[in-house]
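# Tertiary structure, described
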Amino acid sequence: MIDFGFALKETRQENLDKTSLEKFYRLQELVPSFKRCFQCGNCSATCSARQFTDFSIRRVHTSFRRGEYDGLADELRKCMLCGKCTLVCPRGVNLRALIMNMREILDEPKKTGKR
Ligand code: SF4
Ligand code: SF4
């Protein structure tokens, strides 16, 4: 095969038959400002934790929106809740509340023993 210097990645298309968005809908009810997010990435660009780790809050809340929850609880531990992302969000998304509620929702199976 010819090496073009790049590779094609697998499709990131959402399969809604296999994905449950129940947690995402719940998060939206708890933090209604999340509906205004238009994925600009300002939150990640200014994130304090991003300066020291590979943490991306935008990647985390985008994965949550897509119903892809694996590994997110561990990722969210890198956030130190400084609140800078909330200050710079042009759409007024309450990211600090978003992060705390994502943590709560992702921790539920541990607390209740359910998956
Ligand atoms: S800064 Fe606000 S609008 Fe932009 S990606 Fe982050 S949460 Fe969404
Ligand atoms: S609250 Fe968390 S995600 Fe937001 S800027 Fe601070 S460390 Fe980053």
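Located above this text is the structure these notes cover.
Let us now look at the overall build of the protein chain. Looking only at helices and strands, the protein chain has six helices and zero strands in total. If you list the helices and strands of the protein chain from N to C, you get α-α-α-α-α-α. Along the first, second and third principal axes, the C-alpha set of the protein chain runs to 50 × 35 × 25 Å. Burial status across the protein chain gives 18% buried among its 115 residues. The long-range share in the protein chain, meaning contacts at least 24 apart out of those at least 6 apart in sequence, stands at 64%.

Note that soluble globular proteins tend to have their nonpolar side chains buried in a common cluster. The biggest cluster of nonpolar side chains holds 19 residues, and the ones touching the most others in it are Leu27, Phe34, Ile57, Leu95, Leu98, Ile99 and Met102. Where this core is concerned, the elements lending two or more residues are α1 (22-30), α3 (57-65) and α6 (95-112). No other element matches α6, which puts four residues into this core. Not counting residues within four places of it along the chain, the set of residues in contact with Leu98 comprises Val31, Phe34, His61 and Val93.

Right, let's get into the site of ligand 2. By nearness alone, 14 residues border ligand 2, and Cys47, Cys79, Cys82, Lys84 and Cys85 come closest of all. For the shell around ligand 2, the per-class residue count stands at ten nonpolar, two polar and two charged.

Turning next to the site of ligand 1. Not every one of the 13 residues close to ligand 1 is listed here, only the nearest: Cys37, Cys40, Asn42, Cys43 and Cys89. Among the residues making up the shell around ligand 1, the classes are represented as eight nonpolar, three polar and two charged.

A few words now on the environment of Glu22. Within the element layout of this structure, Glu22 appears in helix α1. Distance from Glu22 to Arg65, taken between C-alpha atoms, is 10.0 Å for residues 43 residues apart in sequence.

Bringing α3 into the picture now. Buried within α3 are the following residues: Ile57, Val60, His61 and Phe64. Down the axis of α3, the buried set is contained in an arc of 90°. They therefore lie on one face. Downstream of α3 by a residue or two, Gly67 has a phi angle that is positive, lying close to 80°.

Thresholds, definitions, all that
- Residues numbered from 1 in each chain as written.
- Chains lettered and ligands numbered in written order.
- Predicted model: local features only at pLDDT ≥ 70, side-chain atom pairs only at ≥ 80, totals over all residues.
- Helix = DSSP H or I, 4+ residues; strand = E, 2+ residues; numbered from the N terminus.
- Buried ≥ 20, exposed ≤ 12 C-beta atoms within 10 Å, placed from the backbone.
- Contact = placed C-beta atoms within 7 Å.
- Core = buried A, V, L, I, M, F, W, Y, C linked by C-beta atoms within 7 Å.
- Near = placed C-beta within 6 Å.
- Nonpolar A, V, L, I, M, F, W, Y, C, P; charged D, E, K, R; others polar.
- Arc of directions from axis to C-beta.

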